Amino acid sequence: MGDLLDLLTVWMPQQRWYGSKGRQPRLTLIASWELDAPGTHLLLVQDATTAPPVLYQVPVVERTPDAAPSPSVIGPAAEGRVWMDATVDEAFTDLLYRWVTAGGSAGSGDATLTATALDPARLSAPAATARVLSGEQSNTSIIYRPAEGGEPVICKLFRQVNPGVNPDVELQSALAAGGARFVPASVGEVHGTWTTPSGEHVSGSLAFAQEFFEGVEDAWRVALRAAEDGEDFAERARLLGESVGRMHLALAESFPTREPGEGDRAAVAGAWNRRLAIALAEVPALAPHADRIREVYAAGAQAAWPPLQRVHGDLHLGQVLDTAENGWVLLDFEGEPLRPIAERLLPDVAVRDVAGMLRSFDYVSGAVESADAVAVRAWVIAAQQAFLDGYADAIGPERASAPELLAAFELDKAVYEAIYEARNRPDWIGIPLAAIGRLAPREA
């Protein structure tokens, strides 16, 4: 498949899920499965552009040019046909749906695919339509709407693949199996086994299907509209805090926890200070706050820490759905995409999720279109406090984190945001800078 790898070298950088924008991939084929669908293959290709290399999942199919939508075309194949991205091909999407709802397999020896239906009794009707969800950055999700009698499903195809169980599969499946209604029901998963270039035999998650909530909005849109309308959001924020608290309790029951050691504190504090050094180099406006930021970090590192446990890792209002049946539903347990997978699988400090949600509420004040900045700021403060109250009610006082620890994590998140906005959205940098001014006021 040398010619196809050459085509992928040109095509992949144009895809939203490709992680090394601005660089030309250096690809090696790691595994290839011929699927039970005409002309269809599932590839794992390793990109050595970065260190360590990144492994990508690319399903491809050969079709005639008239059957290939132009955005999906990878390049010419044999006999007048073209290679195209299989995620928009009906034969592939039908096969994937059958796998996650009824199970299946492909390959042999050291390279196999195995699909497991996690709730096979849930769905009995065949898929009627499949649509790729637009706007995703790091994965490709396909929404299935079955024929009459079935319920919609969303299947996430992980574009970047790592050895081991993806935390999105691991954590959400455990929560759903425990009866949690604040996550979607798990439907099925696909994992593969392959051999690395070093000769190691490994396995990893390739796809995960779950319940799809039709016609709902995420909490970011709901909160933004409430702030614009001046609608009291305190009760809804309190319920969201309760859901996050219940999530942390359930994760602590489902996965091992441990007491933090000095090495854990040093690792977290080191990450805070490394990020601060980057921010000071790229955002000069932070310089007057630097000493006070370091003081907040030092206080957080020395405060009482709760037991370390599995966490969401990338929690914000956009990761929450507002559903009529289940209330607030939490999504996307992969963790921060830029953190190494090995770090995302480790027990962490639960207050990281709390800080992320507080910062997300704060962003409402910068995004809302309102002439009354004072009223919007009051809305944010009320929502944040209500969220904290609901969270504390859910986890109980014995599991509450020290205020100094929450302040340090919230400040670190704002420092990260300052770097991000300086690089990507300079017009928004005032939001994290204002937060840093409140959390770490400079000396008079």
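So, here is what we can say about the structure in this document. This is a predicted model, so every value here is computed, not measured.

**Here we look at the nonpolar core**
Line of reasoning, step 1. Membership of the largest hydrophobic core comes to 71 residues, with the highest contact counts inside it found for Leu 175, Phe 233, Leu 240, Trp 272, Phe 361, Trp 379 and Phe 387.
Line of reasoning, step 2. By residue number, the principal contributor to this core is helix H11 (residues 403-424), which donates 9 residues.
Line of reasoning, step 3. Not counting chain neighbours up to four residues away, the residues in contact with Phe 361 comprise Phe 233, Ala 237, Leu 240, Leu 317, Trp 379, Val 380, Ala 383, Gln 384 and Phe 387.

**Some remarks on the pairing of strand S3 (residues 54-63)**
Line of reasoning, step 1. Counting buried positions along S3 gives 10 out of 10 residues, so the element sits mostly inside the fold.
Line of reasoning, step 2. Going residue by residue along S3, you find Val 54, Tyr 56, Val 58, Val 60 and Glu 62 tucked away on one face and Leu 55, Gln 57, Pro 59, Val 61 and Arg 63 tucked away on the opposite face as well.
Line of reasoning, step 3. Of the pairings in the sheet, the one linking strand S2 (residues 40-47) to S3 comprises 8 bridges and is antiparallel in character. Considered in S3, the bridge of Gln 46 is made with Leu 55.
Line of reasoning, step 4. As paired elements, S3 and strand S11 (residues 160-161) share 2 bridges and run antiparallel to each other. Bridge pairing in S11 links Tyr 56 to Gln 160.
Line of reasoning, step 5. Here S3 runs beside strand S5 (residues 82-85); their pairing, made up of 4 bridges, is antiparallel. Paired with Arg 63 across the strands is Val 82, a residue of S5.

**Some words on the packing of helix H9 (residues 351-367) against H11**
Line of reasoning, step 1. Between H9 and H11, whose axes approach to 9 Å, the crossing angle comes to 55 degrees. Classified by the interaxial angle, the pair formed by H9 and H11 is oblique. Between H9 and H11 lies a crossing whose hand is right-handed. Contacts between H9 and H11 pair Val 351, Arg 352, Val 354, Ala 355, Leu 358, Arg 359 and Tyr 363 from the former with Leu 405, Leu 406, Phe 409, Glu 410, Lys 413, Ala 414, Glu 417 and Glu 421 from the latter.
Line of reasoning, step 2. Across the contact of H9 with H11, the residue classes break down as 9 nonpolar, no polar and 6 charged.

Cut-offs applied
- Residues numbered from 1 in each chain as written.
- Predicted model: local features only at pLDDT ≥ 70, side-chain atom pairs only at ≥ 80, totals over all residues.
- Heavy atoms only, no water.
- Core = buried A, V, L, I, M, F, W, Y, C linked by side-chain atoms within 4.5 Å.
- Buried < 20%, exposed > 50% of the residue type's maximum accessible area, 1.4 Å probe, protein only.
- Helix = DSSP H or I, 4+ residues; strand = E, 2+ residues; numbered from the N terminus.
- Contact = heavy atoms within 4.5 Å.
- Pairing = 2+ DSSP bridges.
- Axes fitted to C-alpha atoms, helices over the stretch in contact; angles between N-to-C directions.
- Parallel < 35°, antiparallel > 145°, perpendicular 65-115°, else oblique.
- Left-handed = near helix turned anticlockwise from the far one by under 90°.
- Nonpolar A, V, L, I, M, F, W, Y, C, P; charged D, E, K, R; others polar.

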